[in-house]
Amino acid sequence: MLCARCGAAADGPPVSWTLSVEGGVRRHYCEVCSRENLRAIEGRLDAEWW
Ligand SMILES: [Zn+2]
């Protein structure tokens, strides 16, 4: 399991991670990136920079 943003690796089911479906692609974000991702969603920012 790799974070789609920072590439952090996690063993087993990362319960603190977030699964995001973007353009039909399943992406997992670690706890840190999840917060950043939520902030981006709340700000309605374009996700292209991911
Ligand atoms: Zn990450």
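For the structure itself, consult the block above.
As the structure is a computational prediction, the values presented were derived from the model and not from experiment.

(A) Broad picture of the side chain of Ser20. Secondary-structure assignment places Ser20 in strand S1 (residues 18–22). Within the local environment of Ser20, its side chain forms a polar contact with the side chain of Glu22, the two groups lying 3.0 Å apart. Leave out the neighbours within four places in its chain, and Ser20 touches Val25, Arg26, Arg27, Tyr29 and Asn37.

(B) Geometry of the pairing of S1. The pairing of S1 with strand S2 (residues 25–29) spans 5 bridges and is antiparallel. Counterpart to Leu19 in the pairing with S2 is His28. Hairpin remark: S1 followed by S2, antiparallel, with 2 residues in the connecting loop; positive phi at Gly23, about 60°.

Rules and cut-offs
Residues numbered from 1 in each chain as written. Predicted model: local features only at pLDDT ≥ 70, side-chain atom pairs only at ≥ 80, totals over all residues. Heavy atoms only, no water. Helix = DSSP H or I, 4+ residues; strand = E, 2+ residues; numbered from the N terminus. Polar contact = N/O pair within 3.5 Å; in protein donor to acceptor, adjacent residues only side chain to side chain. Contact = heavy atoms within 4.5 Å. Pairing = 2+ DSSP bridges.

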